[in-house]
Structure formats: C-alpha cells, structure tokens
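Architecture and fold: a report
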Amino acid sequence: MKGNWVLVSKLFDETEIARRVEELAREIAVAVAGDFAIVGLLTGSFVFVADLIRVLDRAGLAPRIEFMKLSSYGHGKESSGAPRLIGGAPEDVAGRRFLLVDDIVDTGRTLDYAKSLLAGKGAARVWTCALVDKPSRRKIDFAADFVGFTVDDVFIVGYGIDYAENYRHLPYIGIID
Ligand code: IMP
Ligand code: MG
C-alpha cells in the first residue's frame, strides 16, 4: 500500500505544529473571549480542531463544537469552482459568535463562503482561522483572522489534510509533488 505513494517531504513536524497551535489558541483566547462556537470545515480541519479545542480549554475557553461540510475540491490539486454546502449547518446561528476553522486558505473562496453563510443567518460575529495560509494563491480579497503557518504555492498533506483522500493520518505536514 505505502509503496504506491509518492514521496512526502516533511515541512512542519509534530512539535512545531503543537507549538504553533498553542500560540494560536492564546491569540484566540484574547481576541474571542466569551461565549462562542467553533465550526470546523470537514474534512480537512478535524485534526486541527481536535488539538485546538483542548488547548483552548487550558486557556479557559469552552466553545461548542460543530462541523459543516463544504465541497469544491474534486480529487485533484486544483479547486473545482464555487464551494457549496453539502452537509451539516449550525442551527440557531442568529445572534451567536462563531470561529470558523479550516485546514488551509488557498483561493480564499471556501472560508469566505462559509463566513457569508453564517453571516447571512444572522451570526453576531464570525472569525476565521486556518492552520495554513497560501497567500500567493488567493483569487478573492480574503484574510483569515488567525493563521498558523504561511507557505508558498506548494501542495501539502498530513495532519488531517489530504490528497485524493490519502495522507490525512500523517502526524506531520509535508509537501508532495
Ligand atoms: P480555497 O477555497 O481555495 O481557499 O481552498 C480551501 C480548501 O482547499 C481547503 O479546505 C483544503 O481542503 C483545500 N486545499 C487547498 N490547498 C490544499 C493543499 O495544499 N492540500 C490539500 N488540500 C488543499
Ligand atoms: Mg477542505
């Protein structure tokens, strides 16, 4: 099985990721203090959300955790058009504060769309957070409020992030060609 896989070169190891998630949680605790819900975008954010919420707990925050699934990626490396909601949407959005969490901001369309979806349902405030930002790939004017790492135009996998549904299990983040 593993023999068929292409080479993954390590970019951020487990220690670096853990350290950066700790720092992010501290930034979030200061900026988003109070009552809020995390909405993770499936599937790529699931590992990041799982780590982030446990560090947030140590920072004294107790967000509710929800997920929603958007689709735009096919099985390639290029996003295939406009994101759309294909599963789960938080209920009772009106008047509540949200932190949207995704694995990567690439063109910016996914988080931007998710943010307008919650805003359109009357959210009181929506912050956005991505573990990895690829600013050189942006197709729209969008900036996440909290970003873990910034990378160039490379395709990454691991720590929940996939290529054609593979590699999500890797504990580190690596680049594939
Ligand atoms: P955007 O809508 O173009 O910003 O794309 C965001 C989504 O694209 C993320 O949720 C990722 O799932 C996916 N994506 C972008 N870059 C990569 C990558 O390097 N590896 C795996 N998925 C990626
Ligand atoms: Mg994704």
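Residues numbered from 1 in each chain as written. Chains lettered and ligands numbered in written order. Predicted model: local features only at pLDDT ≥ 70, side-chain atom pairs only at ≥ 80, totals over all residues. Heavy atoms only, no water.

Let's talk about the overall build of the chain
- Per the secondary structure count, the chain includes three helices and nine strands.
- In sequence order, the chain lays out its α and β elements as β-α-β-α-β-β-β-α-β-β-β-β.
- Considering only C-alpha atoms, the chain reaches an extent of 50 × 35 × 30 Å along its principal axes.
- Residue burial in the chain is summarised as follows: out of 177 residues, 46% are buried.
- A separation threshold of at least 6 residues defines the contact pool for the chain, and within that pool the share at least 24 residues apart is 67%.
- In the structure as shown, the chain presents an accessible area of about 8700 Å², 50% of it carried by carbon and sulfur atoms. (Helix = DSSP H or I, 4+ residues; strand = E, 2+ residues; numbered from the N terminus. Buried < 20%, exposed > 50% of the residue type's maximum accessible area, 1.4 Å probe, protein only. Contact = heavy atoms within 4.5 Å. Areas by Shrake-Rupley, 256 points an atom, 1.4 Å probe, with all protein chains shown as cover.)

Describing the site of ligand 1
- Near ligand 1 you find 16 residues, and of these D102, T107, T110, K134 and I156 are the closest.
- Contact distances for ligand 1 include 2.8 Å between an oxygen atom and a side-chain N or O atom of D102.
- Note that an oxygen atom of ligand 1 is positioned 2.5 Å from one of the side-chain N or O atoms of T107.
- Burial of ligand 1 by the surrounding chains reaches 93%, relative to a free accessible area of 490 Å².
- Mapped by element, the contributors of at least two residues to the shell around ligand 1 are strand 5 (97–105), helix 3 (109–120) and strand 8 (155–157).
- Tallying contributions element by element places strand 5 first for the shell around ligand 1, with four residues.
- Each residue belonging to the shell around ligand 1 can be placed in one class, and the counts come to seven nonpolar, three polar and six charged. (Near = heavy atom within 4 Å. Polar contact = N/O pair within 3.5 Å; in protein donor to acceptor, adjacent residues only side chain to side chain. Nonpolar A, V, L, I, M, F, W, Y, C, P; charged D, E, K, R; others polar.)

Thoughts on the layout of surface pockets
- The volume enclosed by the second largest pocket comes to roughly 160 Å³.
- Lining the second largest pocket are E14, I17, A18, V21, E22, A50, D51, R54, V55, R58, Y159 and P171.
- Contributions of two or more residues to the lining of the second largest pocket are made by helix 1 (14–31) and helix 2 (46–58).
- The class makeup of the residues in the lining of the second largest pocket is seven nonpolar, no polar and five charged. (1 Å grid on protein atoms, 1.4 Å probe; cavity = no way out; pocket = protein on both sides within 12 Å on 5 of 7 lines; lining within 4 Å. Points joined across faces, edges and corners; volume = space filled by probe spheres on them.)

Things to note about the nonpolar core
- Grouped together as the largest cluster of nonpolar side chains are 31 residues, with contacts concentrated most on F48, L99 and I173.
- Every element with two or more residues in this core is listed here: helix 1, helix 2, strand 5, strand 6 (125–133) and strand 7 (146–150).
- Here F48 is in contact with V21, L24, V101, D102, C129, A130, L131 and Y159, once residues within four sequence places are set aside. (Core = buried A, V, L, I, M, F, W, Y, C linked by side-chain atoms within 4.5 Å.)

Observations concerning the side chain of D133
- Inspection of the secondary structure puts D133 in strand 6.
- Accessibility expressed as a relative area gives 9% for D133, which makes it buried.
- A polar side-chain atom of D133 sits 2.8 Å from a polar atom in the side chain of R138.
- Apart from residues lying up to four places away in sequence, D133 is in contact with V105, R138, V147, F149, T150 and V151.

Quick word on a nonpolar patch on the surface
- A cluster of nonpolar side chains, contributed by L42, F46, I65 and F67, occupies part of the molecular surface with about 300 Å² of accessible area.
- Along the polypeptide, L42 turns up in strand 2 (residues 37–42).
- On the basis of relative accessible area, L42 is assigned to the partly exposed category, the value being 32%. (Patch = residues over 30% accessible without salt bridge, like charges linked within 9 Å, V, L, I, M, F, W, Y side chains within 5 Å. Salt bridge = Lys/Arg side-chain N within 4 Å of Asp/Glu carboxyl O.)

Looking at helix 2
- Compared with an ideal rise of 1.5 Å per residue, which puts 13 residues at 18 Å, helix 2 spans 19 Å between its outermost C-alpha atoms and is within 8% of the ideal.
- Within the span of helix 2, buried status applies to V47, F48, V49, L52, V55 and L56.
- Just past helix 2, the residue G60 takes up positive phi, approximately 90°. (Expected span 1.5 Å × (residues − 1).)

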